[in-house]
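Descriptive structure summary
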Amino acid sequence: MEMLKFGKLTALALTLAIAAGCSSKGGDNAGEGAIDPNAGYNANGNGSGLDSSMADEAALRAITTFYFAYDSSDLLPEAMRALDVHAKDLKADGSRVVLQGHTDQRGTREYNMALGERRGMAVQRYLVLQGVSPAQLEVVSYGKERLAATGTDEDSMAQNRRVNLVK
Amino acid sequence: MNTLIRIALLGLALLAGAVQAADPLVISGGNDRAIPIAVVPFGWQGGTVLPQDMAQIIGDDMRNSGIFEPIPAQNMISLPTQASEVIFRDWKALGAQFVMVGSIVPAGGRLQVQFALFNVATEQQVMAGNVSGGMDQLRDMAHYIADQGFEKLTGIQGAFSTRLLFVTAERFAVDSTRYTLQRADYDGARGVTLLQSREPILSPTFAPDGKRIAYVSFEQKRPRIFIQYVDTGRREQLTNFEGLNGAPAWSPEGNRLAFVLSKDGNPEIYVMDLGSRQLRRVTNHFGIDTEPFWGKDGQTIYFTSDRAGKPQIYKTNISSGAVERVTFIGNYNANPKLSADEKTLVMVHRQDGYSVFRVAAQDLTRGTVKILTQSNLDESATIAPNGTMVTYATSSAGRGVLMLASINGRVKIPLPIAAQGEIRAPSWSPFLK
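Please read these numbers as outputs of a predicted model, since none were measured by experiment.

Rules behind the numbers
Residues numbered from 1 in each chain as written. Chains lettered and ligands numbered in written order. Predicted model: local features only at pLDDT ≥ 70, side-chain atom pairs only at ≥ 80, totals over all residues. Helix = DSSP H or I, 4+ residues; strand = E, 2+ residues; numbered from the N terminus. Rg over C-alpha atoms; globule rule 2.2 N^0.38 Å. Buried ≥ 20, exposed ≤ 12 C-beta atoms within 10 Å, placed from the backbone. Contact = placed C-beta atoms within 7 Å. Pairing = 2+ DSSP bridges. Axes fitted to C-alpha atoms, helices over the stretch in contact; angles between N-to-C directions. Nonpolar A, V, L, I, M, F, W, Y, C, P; charged D, E, K, R; others polar. Parallel < 35°, antiparallel > 145°, perpendicular 65-115°, else oblique. Left-handed = near helix turned anticlockwise from the far one by under 90°. Domains from an automatic or database assignment. Core = buried A, V, L, I, M, F, W, Y, C linked by C-beta atoms within 7 Å. pLDDT = per-residue confidence, 0-100. Expected span 1.5 Å × (residues − 1).

Now for the overall build of chain B. A tally of helices and strands in chain B yields three helices and 30 strands. Here chain B has a C-alpha radius of gyration of 23 Å; the compact-globule value for 433 residues is 22 Å, and the two agree. When the backbone C-alpha atoms are referred to their principal axes, chain B occupies close to 70 × 45 × 45 Å. Within chain B, buried positions represent 49% of all 433 residues. For chain B, the share of sequence-separated contacts (at least 6 apart) that also reach a separation of at least 24 residues comes to 44%.

Now for the overall build of chain A. Per the secondary structure count, chain A includes five helices and four strands. Starting at the N terminus and walking to the C terminus, you meet the elements of chain A as α-α-β-α-β-α-β-α-β. Per-residue burial over chain A gives 41% buried out of 167 residues. In chain A, once contacts between residues fewer than 6 apart in sequence are set aside, the share between residues at least 24 apart is 70%.

Once that is clear, we can look at the sheet that holds strand 17 (residues 279–281) of chain B. All names here are of chain B. The strand order 14-15-16-17 describes an open sheet built from four strands, whose pairing is antiparallel. Because the sheet does not close on itself, it has two edges, and the strands there are strand 14 (245–250) and strand 17. Put simply, the sheet's adjacent strands are angled 25 degrees from each other on average, direction ignored. Across four bridges, strand 14 lies against strand 15 (residues 256–261) in antiparallel orientation. For Ala-249, the partnering residue across the bridge sits in strand 15 and is Ala-258.

Here we come to the interface of chain A and chain B. When the parts of a complex come together, some accessible area is lost, and that lost area is often used as the size of the interface. Every contact between the two is made by 22 residues of chain A and, on the other side, 31 residues of chain B. Here the side of chain A that touches chain B takes six residues from helix 4 (residues 109–129) of chain A, the largest share from any one element. The class makeup of the residues in the side of chain A that touches chain B is nine nonpolar, six polar and seven charged.

Residues and elements named next belong to chain B. Direction vectors running N to C along helix 1 (residues 54–64) and helix 3 (residues 138–154) enclose 45 degrees, while the axes themselves pass 9 Å from each other. Judged by the angle between their axes, helix 1 and helix 3 are oblique. As helix 1 runs across helix 3, the sense of the crossing is right-handed. Residues Met-54, Ile-57, Ile-58, Asp-61 and Met-62 of helix 1 pack against Leu-138, Arg-139, Met-141, Ala-142, His-143, Ile-145, Ala-146 and Phe-150 of helix 3.

Let us look at the domain arrangement of chain B. All names here are of chain B. Entries for chain B in the domain assignment read domain 1 (12–154) and domain 2 (163–428). In this structure, domain 1 and domain 2 have C-alpha centres spaced 33 Å apart. Broken down by element, the side of domain 1 that touches domain 2 gets its largest block of residues, three residues, from helix 1. Residues belonging to the side of domain 1 that touches domain 2 are distributed by class as follows: six nonpolar, five polar and three charged.

On to the packing of helix 3 (residues 77–93) of chain A against helix 4 of chain A. All names here are of chain A. Running from N to C, helix 3 and helix 4 cross one another at 60 degrees; their axes reach a closest spacing of 9 Å. In this view, helix 3 runs oblique relative to helix 4, as classed from their interaxial angle. Considering the relative orientation of helix 3 and helix 4, their crossing is right-handed. On helix 4, the residues that touch Met-80, Leu-83, His-86, Ala-87 and Leu-90 of helix 3 are Val-123, Tyr-126 and Leu-127. Classifying every residue of the contact of helix 3 with helix 4 by side-chain character gives seven nonpolar, one polar and no charged.

A word on the nonpolar core. Ranked by internal contacts, the top residues of the largest apolar core, which has 114 residues, are Ile-58, Val-99, Met-100 and Val-390 of chain B. Of all the elements, helix 3 of chain B adds the most residues to this core, at eight residues. Residue contributions to this core reach at least three from each of two domains, namely domain 1 (12–154) and domain 2 (163–428) of chain B. Once you skip the residues sitting within four places of it in the chain, Ile-58 of chain B turns out to touch Val-39, Met-100, Ala-142, Ile-145 and Ala-146 of chain B. One finds Leu-60, Ala-122, Val-123 and Leu-137 of chain A within the second-largest nonpolar core, a separate group that totals 19 residues.

A few words now on the environment of Asn-119 of chain B. Residue and element names in this part refer to chain B. Position of Asn-119 relative to the elements: it lies in strand 5 (residues 110–119). You can call Asn-119 buried: it has 20 C-beta atoms within 10 Å. On a C-alpha basis, the gap between Asn-119 and Ala-96 in space is 8.8 Å, while along the polypeptide they are 23 residues apart.

Now for helix 1 of chain B. One turn of an α-helix holds 3.6 residues; hence residues three or four places apart share an orientation. Residues and elements named next belong to chain B. For helix 1, the tally of buried residues reaches nine of eleven residues, placing the bulk of the element in the interior. Inspection of helix 1 places Met-54, Ala-55, Ile-57, Ile-58, Gly-59, Asp-60, Asp-61, Met-62 and Asn-64 among the buried residues, and these make up the whole buried set. Backbone geometry just downstream of helix 1 places Gly-66 in the positive-phi region, at approximately 80 degrees.

A word on the pairing of strand 20 (residues 312–317) of chain B. Residue and element names in this part refer to chain B. Most of strand 20 sits inside the fold, with five of its six residues counted as buried. Counted along the chain from strand 19 (residues 300–305) to the antiparallel partner strand 20, the turn is six residues long, and its residue Gly-309 has a positive phi close to 110 degrees. Relative to strand 21 (residues 323–325), strand 20 runs antiparallel, the two sharing three bridges. If you follow Thr-316 over to strand 21, its bridge partner there is Val-323. Taken together, strand 20 and the strand that follows it, strand 21, pair antiparallel across an intervening segment of five residues, in which Gly-321 is found at a positive phi of about 80 degrees.

Next up on the list: the sheet that holds strand 13 (residues 235–237) of chain B. All names here are of chain B. Strand order in this open sheet of four strands is 10-11-12-13, and the pairing throughout is antiparallel. If you trace the sheet from one side to the other, it starts and ends with strand 10 (201–206) and strand 13, each paired once. Averaged over all neighbouring strand pairs, the angle between strand axes comes to 20 degrees, with direction disregarded. With three bridges joining them, strand 12 (residues 224–229) and strand 13 adopt antiparallel strand pairing. Bridging across to strand 13, Gln-228 finds its partner in Arg-235.

The next thing to look at is the pairing of strand 14 of chain B. Where burial is concerned, most of strand 14 of chain B is hidden: six out of the six residues are buried. Between strand 14 of chain B and strand 15 of chain B, which follow one another and run antiparallel, lie five residues, and Gly-254 of chain B among them has a positive phi close to 75 degrees.

All right, on to the confidence of the model for chain B then. Residue and element names in this part refer to chain B. Per-residue pLDDT for chain B averages 91, and the proportion of residues at 70 or more is 93%. Of the regions scoring below 50 in pLDDT, residues 1–30 engages in 72 contacts with residues more than four places distant in sequence or in other chains. Quick note on the complex model: pTM equals 0.85, ipTM equals 0.88.

What follows is about helix 3 of chain A. Residues and elements named next belong to chain A. Counted at 1.5 Å a residue, the expected span for helix 3 with its 17 residues is 24 Å, and the 25 Å between its end C-alpha atoms agrees. For helix 3, the complete set of buried residues consists of Ala-79, Ala-82, Leu-83, His-86 and Leu-90. Downstream of helix 3 by one or two residues, Gly-94 has phi in the positive range, about 65 degrees.

Spelled out as structure tokens, the structure:
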């Protein structure tokens, strides 16, 4: 239960941070939500939610963006917990997903393409270790070509260093 | 004969790729200052106002080289439009060392432009000529005249008739951006859209023939390399490998393309023969190898690699496979570009202990590094084919813009590109015929 709260709070804090980062940018992008398009994804038919482990799982399943430290492709513990749930689903339904790797704005475009791929592959490797077939997973790096936040402050940079799991 | 003194070209010594055999005539004693030149507004006999100010364009070209400083028209005492009208004492009073005059005359639906260039101190004509073209070619004619004058005065082939490729990105939301690939004059004017996409476009680069370009497009939701003919728009998808397909670089003869693929598990540099489509792997390391750039010998490839932990620049011989590290100063060196004389390496550089990225030039003989730019997210440097100017991408007030800098550091101007959104990934053309 503590975990669940922590997860939810983290997700909320991130969402707020993202929204704040965007609105402070101003201009014609002011109203834009740089929120993962899959963030609203909710698994249906997963029971009442009264069951705490089910609710926990649903919350983790809703996490499809995994963040990274600067210059790192190491998965963070929260990412692993969410990926465990995704791995279970992928093994069950056999569907294909794309792992979109992204970097922050620092460095050259092509080098960042390579870094974004490295992050995507870290997620891929983790899912494969959980038993997902490599054939279900495609890594596509966007480098810094598709920023989640356009600012150059630390918060924006942190929001950009990510892998999006896209169904 | 003009009493022309050899220019010391202090700043130019850094990158004067094209000087080589050329014998620099030239100019003036004091090299700490740009050389004052007056490009007098050209005379025009036609009825309507011309859409372009040729003298302004020529003056801007000369200024962009960092070698000349045009005298503003409003300071001019007289406005001669032909040789016989030049009063040298007016120009001496202004401190001009050279004065260019010209006149434009309508001739059978076209424009005939006559021009002449004078040395103010000797009162002698340095150059005279004429050029003709349509009303839509005023810029072309101006750049042509600037090229002629620049070469006459410096011994360096002018690069003002060259072109620039760049990418624009107009962002509406995180997953909604309109990208264009454009080609413009070297100074950013007259941008023409060559490709439009809702998916990223990156790394455009001119072939040595100036007719073909290569670039990376995500139009199939994955990065793939395409080749396109600039004039006809005919295009072809060159690669479709799993993983990264990126960083295309034309060989000096234009018959091979180096690029990056990660199909074997991590980013490696490959060379494809464009005739046979035969693919050959060049690098072999578990680290990132990317951003190839060819040496003139068609055998050496410079590239970025993090094999030592942080990105640094290496070179390899594609026959022997031998790899040698090139950069040692700074904790981030990437995207190598060589000057035409291969004496200078221009790259994206981060100094030890700093977090900003700047464009820097490394003297390949001495190993010294000079920082050329001053903001903090500078990248994608591209060098003019005559080595006198460099254009790079940077961020200004939160927006991606292109900057042009003279290699001697005197000039640094934003390119006035009429496009929506961010502007990035500039790539200079070779000399065009």
